[in-house]
Every structure is written in structure tokens, then in C-alpha cells.
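Close look at the chain arrangement
Okay, here's what each chain looks like letter by letter:
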Amino acid sequence: MRLENFLALTQATLVNEPCIHGFENIVFEASKVKRGDLFFAYDYENISLAVTNGAYGIVFEKKVEIIDSEIAWIEVESLDTAVKKLLRFKMIEKEVMAYECNEIVLKLSLQVITQTNFLSLVGDLKSVFKTLWDIQNRTIVLFCPALTDSSIFASVKTVPKRPFAPIEIMEQTLFETSFIYDDIFYERQLISPFFISYLEELLNFFKMLKISYKLKKFTPIDHFEAVFVNKKFEIKNFGTSEKVLIFEPNSDLIDSQILFLERHASWARIIFITPSYIKPNRSENIFSYKNEKDIVDILKNNSFHFALIVGVDKSILSKPLVKQTQLTMDF
């Protein structure tokens, strides 16, 4: 990229008169800088390393010492804003088609194998930049505005909810579903019926835009995630115990998940554990917590088959579920 184009796109200020006129790549890690690169100085302590490695330009927010007057020293009001402006230009240049969806639809899309001109976008701003900068022309991008700033796209469309083909559920438990979609049978998928409407929205989106896809085995998506435990709160294999902790980090989903559990597990003793600042649209079997110790106390002192724990994820458990190890919370 030519220096003059960078300055015009970002409304940045060139604070010296360098000998260089352009850059090869934009880099965020000083250790990865090569000769000719432009370094975004998120970490000021690494500016000297970037210069040593051959940076042709340094982009910064606060005043810095010019240690090499032959390269470009470029001041911006915000590094993040400058990155977003560059991405917006690149998305226009590449004719990228952006569609926004909710967080669950996006996370389900990450578990679907699709053609190369479709991309599910996740990650922080730096990783998003690396993903999008060399994207192929006319790629279709699916993203969630709650996770990725929509301003990097010049135009954004919403995933339509109009169904082309419904998902037909053939068999279900609280956490597994066998279903038919578009005349294909998917047996015992590790996806709760709670997510089927979201999956239907995603598959209909693929169908509408004629995006080729292949469903593989689903894995937990950090929402409505079931952890099976015994009476001693030791983690057990999936489906092998009658006591289940269900983690939901997104408090916006609490009312719909309470309704789902009450409809599909009416036989069970269910408790709902929510942050103290949340007031669900019901009061029965609701317990509030202020910290993780409160959650532990509630679990210890109440009988239940299912405990929906809202506002946190399973990381509050001391060991990862995949290792099938014992909880080390102090019971």
C-alpha cells in the first residue's frame, strides 16, 4: 500500500519526512515484522524491535521518539479506528457481501463445512483484520454485531428468517436431536432441540444464497451446555447421570431457556441460578448469586435434576469437561 493512500484512508498525520513511499504488509506483532512492513504499535515497548526487523513505518496514538527518520512515523487518534477504516476500504474493494446474525447462528455456522467463498467471522479486531485482508473477491461473510463491529462493512444485510425448508425433528432428548432437513436424515446430533430454530435459520440462509455445505458432528457451542455430574459433583460422561449443570453465559436467553426446560422436562426438578441483577419473568425455583461461591452454595443446598446457571460458562469448573475429571470446588 502506498503511504499517501494509507494517510488518506485513515486520516492519519505523517509527523516526519521519510524516504519510503509504501509498505508491503500491515503487522501487529513486532517479532513478525519483515523489511518493508507497516507496524501498528499497540505495544509501544516493541517499537524498537519492529524498526530493527525492518519496518518501513510505525503507526501510533501517543507521542513517540523517532528513532529512525528514514521510515514513516504516522500518528492516529485511534489504532482500532484506523484498522477499521482500512478494513472498510478493503471490503468495498473486494465486493464482500456481509450478513449479520445472532451469536448462536454464527457459532453453529462455525461447525458447518462450506464452500471457500463463505466465511463465518469471529475473533478480536486484529484477528479479524488478518482474516479479511487477503479474502477472495465477492466472499459472503456472516458475522454477529455483538461480537464484531459492523462498521468495517460498507453495507450489511440481515439473515432472512423466511423458511425455505423446515427442519423435521424425528427424535429428541434435551441435548440430542435426530432430524431431517432437505430430505437428508441426521441421526443423534449433539445439538439440543432448543437450537433447532437457529439451525433452521442458518440452513435456510445457505439454501437461499446457494452456498454448498456439509453438516458434521456438532460439538458444544458454549450456550445451553450440559455438564453431567453425580451426587458428589464429580463430572461424568455425557448422558450417564441424572444430575446436570447447564451453563448459559448469555443472560438474554434465560427466559426462552426456562420456558424450554419447563416444556420439555416437566417431570424434572429444575432450579435456575441467575446473577443478582437479572430478574427473570418468573419467580419459582429462581436463585440469585453475586459471586461463584454463591453458585456453589446453591448447588450444595438444593435438590435438582437440572440446574440452569446463567451468566457464566463452564470455566467456573476447575477442570475441563473433556478430561472427565473431578470438580475441585470446595463442597
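Just so it is clear, the structure is predicted and the values come from calculations on it, not from any experiment.

Things to note about the environment of C144
Inspection of the secondary structure puts C144 in the loop between β9 (140-143) and β10 (156-158). On the accessibility criterion, C144 (4% relative accessible area) is buried. Sequence separation between C144 and V122 is 22 residues; the distance between their C-alpha atoms is 8.2 Å. Once residues lying within four places of it in the same chain are set aside, the contact partners of C144 are C101, N102, E103 and L106.

Remarks on the sheet that holds strand β11 (residues 168-172)
The three strands lie next to each other as β11-β12-β13, forming an open sheet whose pairing is antiparallel. Each edge of the open sheet carries a strand with a single partner, namely β11 and β13 (184-189). Looking at each pair of strands side by side, their axes are set apart by 15° on average, direction ignored. Helix α6 (residues 196-208) rests against β11 and β12 (177-181) of the sheet, and its axis sits at about 25° to β12.

Quick word on the packing of helix α3 (residues 79-93) against helix α5 (residues 125-133)
Closest axis-to-axis distance for the α3/α5 pair is 11 Å, and the angle between their directions is 20°. One finds that α3 runs roughly parallel with respect to α5. Taken as a pair, α3 and α5 cross one another with a handedness that is left-handed. Of the residues in α5, those touching α3 at D80, V83, K84, L86, L87, K90 and M91 are L125, V128, F129, L132 and W133. For the contact of α3 with α5, a count of residues per class yields nine nonpolar, no polar and three charged.

Focus: the packing of helix α1 (residues 3-10) against α3
To describe two helices that pack against each other, one gives the angle between their axes and the distance between the axes. α3 packs onto α1 with a crossing angle of 105° between their chain directions and a minimal axis gap of 9 Å. Between α1 and α3, the angle falls in the class roughly perpendicular. Two secondary-structure elements touch here, α1 through F6, L9 and T10 and α3 through A82, K85, L86 and F89. Of the residues that constitute the contact of α1 with α3, the class distribution is five nonpolar, one polar and one charged.

Things to note about the packing of aromatic side chains
Evaluated as defined, the whole model comprises 24 aromatic pairs. Three or more aromatic residues link up through ring pairs in this structure, and these residues are F175, F194, F195, Y198, F224, F228, F238, F260, W267 and F306. One Lys or Arg, K126, reaches over the ring of Y42 and ends 4.2 Å from the middle of that ring.

A word on α6
For α6, spanning 13 residues, the distance from its first C-alpha to its last is 18 Å, which sits close to the expected 18 Å at 1.5 Å a residue. Looking only at α6, the buried set comprises I196, Y198, L199, E201, L202, L203, N204, F205 and F206.

Some remarks on the pattern of salt bridges
All told, the structure shown has eleven salt bridges when counted by the stated rule. The salt bridge involving K130 is made with E29; its shortest N-O contact spans 2.7 Å. Placement of the pair is K130 in helix α5 and E29 in the loop between β2 (26-27) and β3 (38-40), with a sequence separation of 101 residues. The partner of K293 in a salt bridge is D297, and the shortest N-O contact between them spans 3.0 Å. Of this pair, K293 and D297 both sit in helix α8 (residues 292-301), four residues apart, which is roughly one turn of the helix. Note on D297: relative accessible area 25%, which makes it partly exposed.

A word on the side chain of S109
Among the structural elements, S109 can be located in helix α4 (residues 103-109). In terms of polar contacts, S109 uses its side chain to reach the backbone carbonyl oxygen of L106, at 2.5 Å. Beyond its immediate sequence surroundings of up to four residues, S109 is in contact with S120, L142 and L202.

Structural notes on unusual backbone geometry
Most peptide bonds are trans, and most residues other than glycine sit at a negative phi. Positive phi outside glycine occurs at D183, with the angle close to 70°. Structurally, D183 is set in the loop between β12 and β13. We classify D183 as exposed; its relative accessible area is 77%. With phi around 70°, D222 is a residue other than glycine that occupies positive phi space. Relative to the helices and strands, D222 resides in the loop between β14 (213-215) and β15 (225-229). A relative accessible area of 40% means that D222 is categorised as partly exposed.

Considering the environment of T139
With respect to the element layout, T139 can be found in the loop between α5 and β9. Residues T139 and S256, 117 residues apart in the sequence, show an inter-C-alpha distance of 34 Å. Discounting chain neighbours no more than four positions away, the residues touching T139 are V96, M97, N117, F118 and L119. Within the structure, T139 has its side chain in polar contact with the backbone oxygen of Q136 (distance 2.7 Å).

Quick notes on the side chain of T274
Mapped onto the elements, T274 comes out in strand β17 (residues 270-275). By relative accessible area, T274 is classed as buried at 0%.

Conventions and cut-offs
The residue numbering used here restarts from 1 in each chain and proceeds along that chain's sequence as written. Local features in a predicted model are, by the rule used here, given only for residues with pLDDT of at least 70; side-chain atom pairs are given and counted only at 80 or more, and totals for whole chains, interfaces and linings are based on all residues. With hydrogens and water excluded, all non-hydrogen atoms of the structure serve as input to the side-chain values. For helices the rule is a DSSP run of H or I covering at least 4 residues; for strands it is a run of E covering at least 2, with both sets numbered from the N terminus onward. Here the term buried applies to any residue with accessible area under 20% of the maximum for its type, exposed to any over 50%, and partly exposed to those in between, with areas from a 1.4 Å probe on protein chains only. Contact between two residues is taken to exist if any of their heavy atoms lie within 4.5 Å; hydrogens are not considered. Strand pairing is assigned whenever DSSP detects at least two bridges linking the two strands. Angles here are taken between N-to-C directions and fall from 0 to 180 degrees, while the axes themselves are lines fitted to C-alpha atoms, restricted in helices to the stretch in contact. An angle counts as roughly parallel when it lies under 35 degrees, as roughly antiparallel when it exceeds 145, as roughly perpendicular when it falls between 65 and 115, and as oblique in every other case. What makes a crossing left-handed is the near helix being turned counterclockwise from the far one by less than a right angle; a clockwise turn instead makes it right-handed. Only Asp, Glu, Lys and Arg are considered charged in this grouping, and only Ala, Val, Leu, Ile, Met, Phe, Trp, Tyr, Cys and Pro are considered nonpolar; every other residue, Gly among them, is considered polar. Whether two aromatic rings pair depends on their centres lying within 6.5 Å, for rings of Phe, Tyr and Trp, where Trp uses its six-membered ring; planes under 30 degrees apart make the pair stacked, over 60 edge-to-face, and the rest tilted. Charge-over-ring placement is defined geometrically: NZ (Lys) or CZ (Arg) within 6 Å of the ring centre, and within 35 degrees of the ring normal. Helix span, expected: 1.5 Å multiplied by one less than the number of residues in the helix. Here, a salt bridge means any side-chain nitrogen of Lys or Arg that lies within 4 Å of a carboxyl oxygen of Asp or Glu. Polar contact is the term for a pair of N or O atoms within 3.5 Å; when the atoms are in protein, one must be able to donate a hydrogen and the other to accept it, and sequence-neighboring residues count only if both atoms are side-chain atoms.

Any functional reading would require information that these geometric values do not contain.
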